[in-house]
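Each chain, written out:
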Amino acid sequence: SRMTGRRFALVVSVVLALAVPAAVVPASGQNTAAATVLAPSFAAIDAETGQVLAARTATKRRPIASLTKVMTALTVIERGNLAGRVVVTRAATSVEPYKEGLVAGRSYTRRTLLWSALLASSNDSATALAIDAGGGSLTGFYALANQRAKAIGMKSTTYASASGLDDTRNLS
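Overview of the structure. (Residues numbered from 1 in each chain as written. Predicted model: local features only at pLDDT ≥ 70, side-chain atom pairs only at ≥ 80, totals over all residues. Heavy atoms only, no water.)

### With respect to the packing of aromatic side chains
Worth spelling out the cut-off: Planes of paired rings set the category: under 30 degrees apart is stacked, over 60 is edge-to-face and the rest tilted, where pairs are Phe, Tyr or Trp rings (Trp by its six-membered ring) whose centres lie within 6.5 Å. Residue burial is assigned from relative accessible area. The probe radius is 1.4 Å, only protein chains are included, and a residue is buried under 20% of its type maximum, exposed over 50%, and partly exposed in between.
If you walk through the whole model with that rule in mind, you get 1 aromatic pair. Residues F141 and Y142 carry aromatic rings whose centres are separated by 6.2 Å and whose planes lie at 70° to one another, so their mutual orientation is edge-to-face. Just as F141 is buried, Y142 falls in that class too.

Written out as structure tokens, the structure is:
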């Protein structure tokens, strides 16, 4: 829906804002120097109007790394049943690095795995969620994530990872 797309855009904007180094504005609110963005590509977009406020090589496709976990989370949340349990596969426990330490064969709630994937950036948790959402298959999950990306207007984005580890094909 339009509201879900806006929420997703807001979440991505906040994550990007936290990830991109910029000049600090004093608590007084008086900015004595222009903000400096060091990222080779960026876009600042007004969430209400969609107007691009500032950009640099904004259409160049780049690796999206752990921002991938936002799409993994969106896909899982939209499917619902966050109290439902996911049995962790050996494939989910074998991802490196940044692991929560999940145990193959044990079950965890989707909500717990979401917290782990998003707050601790745990790749094993993101992978466990993706395998579950994809009906037991990461390939199935990638199809869902790519379909959802297109549906919300992310026409130049491709997902081939649940966590962002594969930055050669995980692009936006």
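### Some details on the nonpolar core
As a rule of thumb, soluble globular proteins bury nonpolar side chains together. To be explicit about the condition: Grouping buried Ala, Val, Leu, Ile, Met, Phe, Trp, Tyr and Cys residues that are joined through side-chain atoms within 4.5 Å yields what is termed a nonpolar core. Strands here are runs of E lasting at least two residues and helices are runs of H or I lasting at least four, both read from the DSSP assignment and numbered beginning at the N terminus.
The biggest cluster of nonpolar side chains holds 27 residues, and the ones touching the most others in it are M71, L113, F141 and Y159. Of all the elements in the fold, those that place two or more residues in this core are α2 (68–79), α4 (110–119), α5 (123–133) and α6 (138–151). Take this core: its biggest share by element is 6 residues, from α5.

### Let's talk about the environment of T57
What counts, and what does not: The contact rule is simple, with two residues in contact once any of their heavy atoms fall within 4.5 Å.
Mapping T57 onto the fold places it in the loop between β2 (52–56) and α2. What makes T57 partly exposed here is its relative accessible area of 44%. Spatially, the C-alpha atoms of T57 and A43 are 8.3 Å apart, while their sequence positions differ by 14 residues. Setting aside its immediate chain neighbours within four residues, T57 contacts P40, S41 and R62.

### Some points on the pattern of salt bridges
Here is the rule we go by: A side-chain nitrogen of Lys or Arg and a carboxyl oxygen of Asp or Glu constitute a salt bridge if their distance falls within 4 Å.
This model, assessed by the stated rule, comprises 3 salt bridges. The partner of R148 in a salt bridge is E78, with the nearest N and O atoms 2.7 Å apart. You can see R148 sitting in helix α6 and its partner E78 sitting in helix α2, a full 70 residues away along the chain. Residue R148 is classed as buried on the basis of its relative accessible area, which comes to 15%.

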